[in-house]
Amino acid sequence: MGARHGAELPADAAEDSISFLPLLDGRAGPAPRDHLILHSINGSFGLRVGPWKLELCADSGGWSAPRPGRDSIEGLLRFQLYDLAADPDESFDVVFTRFSAHHWRDVPAALKEAKRVVKNDGRAAFADAVSPGVPVLDTYLQGIELLRDPSHVRDYSVEEWKAMLRDAGFRPGAVTLRRLPLDFAPWCARMRVSPEMAQAIRSVQSKMAGDVVRHFDIRSDGSFTLDVAVIEAEPV
């Protein structure tokens, strides 16, 4: 603004600034700097040097997913580096999330965003607890998950995952299933479950029918076994 009006700035004003008036009025020559410092709306910094862009955050730094402070960044890299000359869309070779999707409020929207940012020849993989799909088993699983952690939304079945992936533009691939034994006390401690909620979970377990007890291998101390899956996919 000072340059536009021909104003002389004090020596201690705008100390690290360079006027971009020549760019606006068509007189721009060579760039006065070979780098650009970026700052997102949540305070995350980035750096542009030539075609390279470095983002010093694991999330988006703004309104897109994963949103700072709202979406899980578990399993994401702390920094992001892009070659904008080769990849102006800032796409990824691999998109992967681990044990976070059951907290997402809108999984279909998140999968569409994953499809948008993965390269055409890229790959995606989603690891999470999964529902067995049988109604009575599903009801028990969602119930104890919610008692343990109020941010829980849903453990989806493998078939539900496949349907959502197809709707988002992915082709579901290999599915790796395994059974994960969980000790009750550490499982509760990780989420700082109150004694009252821990007792509520134990009360639910004690009232379950035999098929639920057998499937989840519910033991006398509350420990049990969880179904987990890694579902691979590729964009179509």
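See the structure above.
In this text the structure is predicted, and so the values were computed from the model without any measurement.

Cut-offs used in this document
- Each chain carries its own residue numbering, running from 1 in the direction its sequence is written.
- Local features in a predicted model are, by the rule used here, given only for residues with pLDDT of at least 70; side-chain atom pairs are given and counted only at 80 or more, and totals for whole chains, interfaces and linings are based on all residues.
- Hydrogens are left out, water is left out, and the side-chain values use all remaining heavy atoms of the structure.
- Strands here mean DSSP runs of E at least two residues long; helices mean DSSP runs of H or I at least four residues long; both are numbered from the N terminus.
- Only C-alpha atoms enter the radius of gyration, while the globule expectation follows 2.2 Å times N to the 0.38, with N the number of residues.
- Partly exposed describes any residue whose relative accessible area lies between the buried limit of under 20% and the exposed limit of over 50%, with all areas from a 1.4 Å probe on protein chains only and scaled to the type maximum.
- The contact criterion used is simple: two residues touch if any of their non-hydrogen atoms lie within 4.5 Å.
- Residues scored as positive are Lys and Arg, those scored as negative are Asp and Glu, and His as well as the terminal groups of each chain are ignored.
- Working definition for charges: the position is that of NZ of Lys, CZ of Arg, CG of Asp or CD of Glu.
- At least two bridges found by DSSP between two strands is the condition for calling them paired.
- Interaxial angles span 0 to 180 degrees and are taken between N-to-C directions of axes, which are lines fitted to C-alpha atoms, for helices over the stretch in contact.
- Here a helix's expected span is defined as the number of its residues, less one, multiplied by 1.5 Å.
- The directions from the helix axis to the C-beta atoms form the arc being described.

When its secondary structure is counted, the protein shows 7 helices and 8 strands. Computed over the C-alpha atoms, the radius of gyration of the protein is 25 Å, more than 25% above the 18 Å expected from 2.2 N^0.38 for a compact globule of 236 residues. The burial tally for the protein puts 34% of its 236 residues in the buried class. For the protein, the share of sequence-separated contacts (at least 6 apart) that also reach a separation of at least 24 residues comes to 62%. Charge centroids of the protein, computed over 28 positive and 34 negative side chains, lie 4 Å from each other.

Taking strand neighbours across the sheet as the criterion, the 4 strands line up as E1-E2-E3-E4 in an open arrangement whose pairing is antiparallel. Each edge of the open sheet carries a strand with a single partner, namely strand E1 (35-39) and strand E4 (80-83). Strand-to-strand twist in this sheet, taken as the mean axis angle between neighbours without regard to direction, amounts to 15 degrees. In terms of strand pairing, strand E3 (residues 52-55) meets E4 through 4 bridges, oriented antiparallel. Residue pairing in the sheet places Lys 53 in a bridge with Tyr 82 of E4.

Right, let's talk about the side chain of Ser 223 for a bit. As for its placement among the helices and strands, Ser 223 is situated in the loop between helix H7 (210-216) and strand E8 (224-235). Those residues in contact with Ser 223 that lie beyond four places of it in its chain are Leu 182, Asp 183, Phe 184, Asp 217 and Ile 218.

Counted at 1.5 Å a residue, the expected span for helix H6 (residues 195-206) with its 12 residues is 16 Å, and the 16 Å between its end C-alpha atoms agrees. Buried residues of H6: Ala 198, Ile 201 and Gln 205, and no others. Take H6 and look down its axis: the buried residues cluster within an arc of 60 degrees, on one side only. Every exposed residue of H6 that faces more than 90 degrees away from the buried side is listed here: Glu 196, Gln 199 and Ser 206. Tucked into the core, H6 has its buried residues touching helix H3 (135-148), helix H5 (184-189) and E8.

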